Amino acid sequence: MSRLTFASAGESHGESVCAILTGMPAGLDIDFDAVADALARRQGGYGRGGRMKIERDAVRIEGGIRRGRTLGSPLLLRVPNKDHRIDTAPAVTKPRPGHADLAGMMKFHTRNAREVLERSSARETVVRVAAGAVAASLLGQFDITVAGFVVALGGVRATITSDDPAELIRLRDGSPFFCPDEEVTEAMKRMVDETRKAGDTLGGLYEVRAFNVPPGLGTNATWDGKLDTRLAGALMSIPAMKGVEIGLGIEASGLRGSEVHDPILKGDGRPRRSRNHAGGIEGGMTNGETVITRVAMKPISTLMRGLPSIDVETGEETTAAVERSDITAVPAASVVGEAMVALVLADALLEKTGGDSLDEVRRNLEGHLEAVNRLFENR
Ligand SMILES: Cc1cc2nc3c(=O)[nH]c(=O)nc-3n(C[C@H](O)[C@H](O)[C@H](O)COP(=O)(O)O)c2cc1C
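What this report covers is the structure whose coordinates are included nearby. None of the values given here were measured: they were computed from a predicted structure.

Analysis parameters
- Residues numbered from 1 in each chain as written.
- Predicted model: local features only at pLDDT ≥ 70, side-chain atom pairs only at ≥ 80, totals over all residues.
- Heavy atoms only, no water.
- Helix = DSSP H or I, 4+ residues; strand = E, 2+ residues; numbered from the N terminus.
- Rg over C-alpha atoms; globule rule 2.2 N^0.38 Å.
- Buried < 20%, exposed > 50% of the residue type's maximum accessible area, 1.4 Å probe, protein only.
- Areas by Shrake-Rupley, 256 points an atom, 1.4 Å probe, with all protein chains shown as cover.
- Pairing = 2+ DSSP bridges.
- Axes fitted to C-alpha atoms, helices over the stretch in contact; angles between N-to-C directions.
- Near = heavy atom within 4 Å.
- Polar contact = N/O pair within 3.5 Å; in protein donor to acceptor, adjacent residues only side chain to side chain.
- Phe/Tyr/Trp six-rings, centres within 6.5 Å; stacked < 30°, edge-to-face > 60°.
- Lys NZ or Arg CZ within 6 Å of the ring centre and 35° of its normal.
- Arc of directions from axis to C-beta.
- Contact = heavy atoms within 4.5 Å.
- Core = buried A, V, L, I, M, F, W, Y, C linked by side-chain atoms within 4.5 Å.

What follows is about the overall build of the protein chain. Tallying secondary structure elements over the protein chain gives eleven helices and 17 strands in all. Its C-alpha radius of gyration of 22 Å places the protein chain within 12% of the 21 Å reference for a compact globule of 379 residues. By principal-axis analysis of the C-alpha atoms, the protein chain measures approximately 80 × 50 × 40 Å. Of all 379 residues assigned to the protein chain, the portion counted as buried reaches 50%. Surface accessibility of the protein chain: about 17600 Å² in total, with carbon and sulfur atoms responsible for 51%.

Phi angles above zero are rare outside glycine, and arginine 67 is one such case at about 50 degrees. Relative to the helices and strands, arginine 67 is located in the loop between strand S4 (65-66) and strand S5 (69-70). Under the relative-accessibility criterion, arginine 67 is labelled exposed at 76%. Unusually for a residue other than glycine, phenylalanine 178 sits at a positive phi of about 55 degrees. Mapped onto the elements, phenylalanine 178 comes out in the loop between helix H6 (165-173) and helix H7 (185-197).

With that out of the way, let us pick up the sheet that holds strand S2 (residues 16-22). Read across the sheet, four strands follow the order S1-S2-S6-S3 without closing on themselves; strand pairing throughout is antiparallel. Unpaired on one side and paired on the other, strand S1 (5-9) and strand S3 (60-63) mark the two borders of the sheet. On average, adjacent strands in this sheet sit at an angle of 20 degrees to one another, irrespective of strand direction. Of the strand pairs in this sheet, S1 and S2 are connected by five bridges, and their pairing is antiparallel. Bridged to phenylalanine 6 within S2 is leucine 21.

Our focus in this paragraph is the site of the ligand. Around the ligand sit 20 residues in total, of which Ala240, Lys298, Thr302, Ser325 and Asp326 are the nearest. One of the side-chain nitrogen or oxygen atoms of lysine 298 is found 2.7 Å away from an oxygen atom of the ligand. Serine 325 has a polar side-chain atom sitting 2.8 Å from a nitrogen atom of the ligand. Considered on its own, the ligand offers 630 Å² of accessible surface; in the complex 86% of this is hidden by protein.

On to the packing of aromatic side chains, then. Under the counting rule described, the total for this entry stands at one aromatic pair. Geometrically, the ring pair formed by tyrosine 46 and phenylalanine 177 is tilted, given 5.3 Å between the ring centres and 55 degrees between the ring planes. With tyrosine 46 in the loop between helix H1 (32-43) and helix H2 (51-54) and phenylalanine 177 in the loop between H6 and H7, this residue pair connects regions lying 131 residues apart in the sequence. Owing to a relative accessible area of 0%, phenylalanine 177 belongs among the buried residues under this scheme. A cation over a ring is seen here: lysine 107 above phenylalanine 108, with NZ or CZ 5.5 Å from the ring centre.

We now examine helix H3 (residues 101-108). Turning to H3, its buried residues number three or more, namely Asp101, Gly104 and Met105. Buried residues in H3, looked at end-on, bunch into an arc of 105 degrees, giving them a common side. Of the exposed residues in H3, those oriented more than 90 degrees away from the buried face are Ala103, Met106 and Lys107. Considering only its buried residues, H3 is in contact with helix H4 (114-120). In the segment just after H3, histidine 109 is the residue with positive phi, at about 55 degrees.

Here five strands make up an open sheet; going across it, the order is S8-S7-S9-S15-S10 and the pairing antiparallel. Two strands lie at the open edges of the sheet, namely strand S8 (156-157) and strand S10 (241-246), each paired on one side alone. Across five bridges, the pairing between S10 and strand S15 (residues 291-297) is antiparallel. In the sheet register, isoleucine 246 faces S15, and the bridge partner there is threonine 293. Helix H8 (residues 227-236) rests against strand S9 (204-211), S10 and S15 of the sheet, and its axis sits at about 155 degrees to S10. Strands strand S7 (145-153), S9, S10 and S15 of the sheet are contacted by helix H10 (residues 330-353), whose axis makes an angle of about 150 degrees with S7.

Turning our eyes to something else, we now look at the side chain of serine 334. Tracing the backbone through its elements, the reader meets serine 334 in helix H10. Among the residues examined, serine 334 registers a relative accessible area of 0% and is labelled buried. Setting aside its immediate chain neighbours within four residues, serine 334 contacts Gly148, Phe149, Val150, Phe178, Tyr206 and Val208.

Moving on, we get to the nonpolar core. Note on soluble globular proteins: their nonpolar side chains tend to be buried together. In terms of nonpolar packing, the biggest core is built from 75 residues, with Met24, Leu138 and Tyr206 touching the most fellow members. Here this core gets 15 residues from one element, more than from any other, and that element is H10. With seven residues, the next largest nonpolar core counts Ala147, Phe149, Val151 and Phe211 among its residues.

Here we come to the pairing of S15. Along any regular strand, the residues point their side chains to alternate faces of the sheet. Buried residues dominate S15, accounting for six of its seven residues. With seven bridges joining them, S9 and S15 adopt antiparallel strand pairing. Considered in S15, the bridge of alanine 210 is made with valine 291.

Take a look at the structure:
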């Protein structure tokens, strides 16, 4: 991120998880209800484990605001951990295949994976969600909506028919899987229940769409400034994400150009597109269409029935350690994905507009959009 910076600190069973977010303009009223709603959503979804029953996350914003409004200084976000027992939590010497345990033991030269997993745990994502909701408060000022939702769970695939943000969000919020297709709820439930009984776990797919994103965010000029690069990196940084697609994504590789690329048609003012296979990004820049990302999450690596492993203390073959764990966390991951996309888009917006205050951002964005519209005036 170039204009916004975001860093987190904190362990799964440490005192708290914190983040510092710099680059937010002054004068933004943070939507605290939306922040609380996003944190509650991250804790929900069918298939979660015991931890989520212990924590009721609430963020404290301890720097960068006055009376709920940003000052233009770094924001300090802190989410206390109720389950705070890092000093007494037991050693983990039987690394879980698929988790960070074994690779981390070798990296940090320790036989106790506790020293690794405390940071590798997805508990850290709580503060991404809080920071993402602050970023979404900024985007909301410009009627940009970011919505994450599940499209497949353990191979049960949903059909998404709407492209209306309000409807997608309404359907998503009514689903225990955060999936806007109620037809698949029962099949997903069955899949999770059977998998739980078998002591196994599931992955899936979610989408994050961003609506009403202005054209011209990101760049074609540098590899690391391209919006695709930034979205893919941000989404892949979420634990357990193993693939990111933009628009049609991998499916496009098997089709002809005429089937993939979105015709440009004369519009009323700006040109319009007859479809959106590009997922709103061409040449590393937004093209004014809905930004569509799709993310693949692998199955949770802590299995109640334990996968083959070794005990690093004794050298014996055994089954892996079992920490309290989710059967699946794809619904929660979609909330984290939504946060990461909001952070990347807020960053790209501020990069385009500059501005120390919200008013300045607004003025500069209006100037940019007027210049875009002038291109197509009287043509
Ligand atoms: C929201 C969320 C919840 C997760 N919950 C668990 C869990 O309960 N148990 C587990 O083993 N892994 C869980 N994970 C995945 C691990 O954190 C992840 O697989 C691990 O850190 C290794 O990183 P990698 O999968 O990116 O290689 C979760 C991930 C997310 C995004």
